[in-house]
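Working through the structure, step by step
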Amino acid sequence: MSSDITWEAPFCGEGNSCFRLGTDATGNGYIAIAGEENAPLTDSRDALRRMIIDIKAGKADHLL
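Reference entry: report on the structure contained in this document. For every chain, the first residue of the written sequence is number 1, and numbering continues from 1 along that sequence. Reporting of local features is limited, given that this is a predicted model, to residues whose pLDDT is at least 70; pairs of side-chain atoms are given and counted only at 80 or more, and all residues count toward the totals for whole chains, interfaces and linings. Only hydrogens and water are set aside; all other atoms, that is, all heavy atoms of the structure, feed into the side-chain values.

As a further point, take helix H1 (residues 45-56). Only DSSP runs of H or I reaching four residues or more are called helices, and only runs of E reaching two or more are called strands; each is numbered from the N terminus. Multiplying 1.5 Å by the residue count of a helix minus one yields the expected span of that helix. Helix length check: H1 (twelve residues) gives 17 Å between terminal C-alpha atoms against 16 Å at 1.5 Å per residue, within 8%. Just downstream of H1, Gly58 is the residue with a positive phi angle, here 95°.

It is worth spelling out a nonpolar patch on the surface at this point. In this scheme, patches are assembled from residues that exceed 30% relative accessible area and form no salt bridge. Like charges are connected within 9 Å, while nonpolar side chains (Val, Leu, Ile, Met, Phe, Trp, Tyr) are connected within 5 Å. Areas reported as accessible are Shrake-Rupley estimates using a 1.4 Å probe. Residue values count occlusion only from the protein chains shown. The working definition used for a salt bridge is a side-chain nitrogen of Lys or Arg within 4 Å of a carboxyl oxygen of Asp or Glu. On the surface, Met51, Ile52 and Ile55 cluster together into a nonpolar patch covering about 230 Å² of accessible area. Checked against the element boundaries, Met51 lands in helix H1.

Applying the stated criterion across every chain, the model contains four salt bridges. For Arg49, the salt bridge is made with Asp46, and the minimal N-O distance between the two is 2.5 Å. In this pair, Arg49 and Asp46 both sit in helix H1, three residues apart, roughly one turn of the helix. In this structure, Asp54 engages Lys59 in a salt bridge whose closest nitrogen and oxygen atoms are separated by 3.6 Å. Since its relative accessible area comes to 55%, Lys59 is described here as exposed. Each of Arg50, Asp54 and Lys59 takes part in a single network of salt bridges with overlapping partners. Each residue is placed in one exposure class: buried if its accessible area under a 1.4 Å probe, protein chains only, is under 20% of its type's maximum, exposed if it is over 50%, and partly exposed if it falls in between.

Attention now goes to the state of the cysteines. To count as a disulfide, a pair of cysteine sulfur atoms needs to be within 2.5 Å. On inspection of all chains with the given rule, the structure shows one disulfide. A sulfur-sulfur distance of 2.1 Å marks the disulfide that ties Cys12 to Cys18. Taking the sign of the S-S torsion, about 115° here, the bridge from Cys12 to Cys18 comes out right-handed.

Residue position: Tyr30 is located in strand E4 (residues 28-33). Measuring from C-alpha to C-alpha, the distance between Tyr30 and Pro10 comes to 13 Å, with 20 residues separating the pair along the chain. Side-chain atoms alone can form a polar contact between residues adjacent in sequence; in general such a contact is a pair of N or O atoms within 3.5 Å, and within protein one must be able to donate a hydrogen while the other accepts it. In this structure the side chain of Tyr30 is engaged in a polar contact, spanning 2.6 Å, whose partner is the side chain of Asp24.

Here it is in structure tokens:
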């Protein structure tokens with residue numbers, strides 16, 4: 001795993017539900033639970049971008 005991940009500040013909901021998004025110089029995107037950045041989900045930066053766009057468009061609203 002790349003040690004050159006640039007992590008954003010955590011996004012936190014109520015309680016302990018904090019997630020972090022990160023990227024690296026080779027075009028990968030990362031999602032991790034805050035404090036567990038050593039075990040992230042990994043995909044391309046484009047896949048991360050598409051997921052964020054889809055969430056903002058309401059495609060995950062049924063999970064709320």
